[in-house]
Amino acid sequence: MFYQSRKWKVLALASLLAAVSATIMGCGSEQQQKQQATPVKAVSAIQQDTPLSSEFAGQIVSKNTVNVQSKVSGNIVEKFVQGGQFVKAGQPLYRIDSRQYESAVLQAKATLAQSSATLSNAQTDLGRDQQLYASNAISEQSVTTQQANVNAYQAACDANSAILQRAEQDLADTMVYAPMSGQLAVNDVAVGTYATAGNTNLVTIGSSSPVYAQFSISESDYLKFMSLRQNQTGKAGNLTVSLTLSDGSQYPIDGRIVETDRALADQTGTLTMKALFDNPNGLLLPGMFARVKLMGEVVPNAILVPQRAVQQLLDKSFVMVVGADGKSEARTVELGEKVGSYYIIKNGISAGDTVVVEGLSNLQEGKDLDVTMVTPEEMGFSLEGDDTMFDSNAVANSDAQPASE
C-alpha cells in the first residue's frame, strides 16, 4: 500500500511539472509569435457620397482694362489724380496745355464769320438777280451764275463750320477724363510730360469688381465638365467654381464660368476659360495667382481609401488589408478619381475593410500583423486637399509585395 501511494504521488508530481512546463512553453511561443508580428497602422475604408473636383492653376485678370491716352498732343500742365486711386467714370484725370487749341478756335471762328458774310452777300445778290430776271432785265445765265456762287460760298461756310467744330472738340479734349470706373495703376505720367495723341499712355485703369480668374484645362477635362453641365433630363447641371489663394486661404465667394475660348491652343492643346468672381472688398488683384477648383459631379456611396494605402506593381494596383485572422491580405483594386488624400475604389474593397496605411515597406501577404488603428485626422488625410505626406513616386517604387515569397 505504501509503495502504491508513493507511486501515485510521483506520477501526480510529474504530471504537474509537465503541465507547468507546457504552460511556460506556450506563453513563450505566444510572446515569440507576437514579437514576430509586423507593426502597422491601419484605418477603416470609408463609404460616403463624394463630390469630384479638379484644380487648375489660374490668374486673376481685370474684367475691363483701358490704357488712357490723350486725343490731342501737348504738354501735361495739370494732374488731378495719383496712381492707385479709385476713380469714377467721367472724373477729370489730366489737363493738357490748351493755348494752341484756344487760338485754333478763335481762328476758326473768324474764318467762319468771314465765309458767312460772303455767303450772305451772295444770297442778297441772288435775290436781286431773280427779281431782275422776272422783269426781263437780265438774262437767265446771270441768275444761274449767281446761284452757283451762292452754292460755293455755302459749301465754304459749311467747311469752315466743321473746322470750328473740330477746333472746339480739340480744345475740349485737352481735359482727359476717366473712361470708366475703376482703380488707376501706379504707372501714371507726371506733369510736364509731352503726350502724343493716340500714342502716349497716360495711365492704366481697370475695373475692380467683378474680376476674372483665367485658367486652362486639357481636352479631356473640358469634355468631362461639359458632360456634367447636361444631366440626364437635359437640363444644365450645377458646376461650382471656387478659388484657393496663394497663401492657402479659401476665397469666400464662389464664381461661375462665363467665357470659353473657341479653340484649343495649338502648342499646348489646352482650352482657356474664364470664371467671373464678385470682388466687393477688392481682395482679388489683377496678376494674382490662385487655384481654380471646379466641382459638379457627386459619386454616391463611394468607397474611399487613402492614397498612401495604394501600392502599384507593374500595371496592377492593390491594397493591403488586415484579414479576419489578423494576417496581411493583398487586394487587387480598380482605382477611380483622386479626391484630396483619397482614391475612390471602384472594385476590390468594401466599406469597413481595415486598410494598412503605414508599415507597408517590404510587407508581404500572409504575415501576422500588430495593428494600431488610427483616424484620418491623426494621419492628416482630408477630402479637401492633397495628403502632404504622400509621395506618389515612393508608392510607385515601393518594395511591398502583394504575395508571399
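In what follows, the structure referred to is the one given above.
Being a predicted model, the structure only gives us computed values, none of them experimental.

Observations regarding the sheet that holds strand 6 (residues 92-96)
Two pairing modes exist for strands in a sheet, parallel and antiparallel, and in both the strands are linked by backbone hydrogen bonds.
Then, in step 1: In space, the 4 strands of this open sheet follow the order 7-6-4-9, with antiparallel pairing throughout. Two strands close off the open sheet at either side, each with one partner strand: strand 7 (175-177) and strand 9 (194-195).
Then, in step 2: Where strand 4 (residues 74-79) lies against strand 6, 3 bridges are found, and the strand directions are antiparallel. Paired with I76 across the bridge in strand 6 is I96.

Describing the sheet that holds strand 3 (residues 65-69)
Then, in step 1: Spatial strand order, 3-10-8-5: 4 strands in an open sheet with antiparallel pairing. Since the sheet does not close on itself, it has two edges, and those belong to strand 3 and strand 5 (86-87), each with one partner.
Then, in step 2: Judged from the 5 bridges that link them, strand 3 and strand 10 (residues 201-206) form a sheet pairing that is antiparallel. Considered in strand 10, the bridge of N67 is made with T204.

Section: unusual backbone geometry
Then, in step 1: Residue P210 is bonded to the preceding S209 through a cis peptide linkage, with omega at -5°.
Then, in step 2: Within the secondary structure, P210 sits in the loop between strand 10 and strand 11 (211-218).
Then, in step 3: If you check the backbone angles, N136 has positive phi at about 60° while not being a glycine.
Then, in step 4: Positive phi outside glycine occurs at L314, with the angle close to 60°.
Then, in step 5: A residue is classified by how much of its surface remains accessible, and L314, at 84% relative accessible area, is exposed.

A word on the environment of A155
Then, in step 1: As for its placement among the helices and strands, A155 is situated in helix 3 (residues 140-172).
Then, in step 2: Separated by 36 residues in the primary sequence, A155 and L119 place their C-alpha atoms 9.3 Å from one another.

Digging into the packing of aromatic side chains
Then, in step 1: As enumerated under the stated definition, the model contains 3 aromatic pairs in all.
Then, in step 2: With a centroid separation of 5.9 Å and 25° between ring planes, the pair formed by F56 and F215 is classed as stacked. Note that F56 is positioned in strand 2 (residues 46-62) and F215 in strand 11, a separation of 159 residues in sequence.
Then, in step 3: With a centroid separation of 6.2 Å and 75° between ring planes, the pair formed by Y251 and F277 is classed as edge-to-face. Within this pair, whereas Y251 is found in the loop between strand 12 (240-245) and strand 13 (256-260), its partner F277 is found in strand 14 (residues 270-277), the two being separated by 26 residues in sequence. The same class applies to Y251 and to F277, which are both buried.

What counts, and where the lines are drawn
Residues numbered from 1 in each chain as written. Predicted model: local features only at pLDDT ≥ 70, side-chain atom pairs only at ≥ 80, totals over all residues. Heavy atoms only, no water. Pairing = 2+ DSSP bridges. Helix = DSSP H or I, 4+ residues; strand = E, 2+ residues; numbered from the N terminus. Buried < 20%, exposed > 50% of the residue type's maximum accessible area, 1.4 Å probe, protein only. Phe/Tyr/Trp six-rings, centres within 6.5 Å; stacked < 30°, edge-to-face > 60°.

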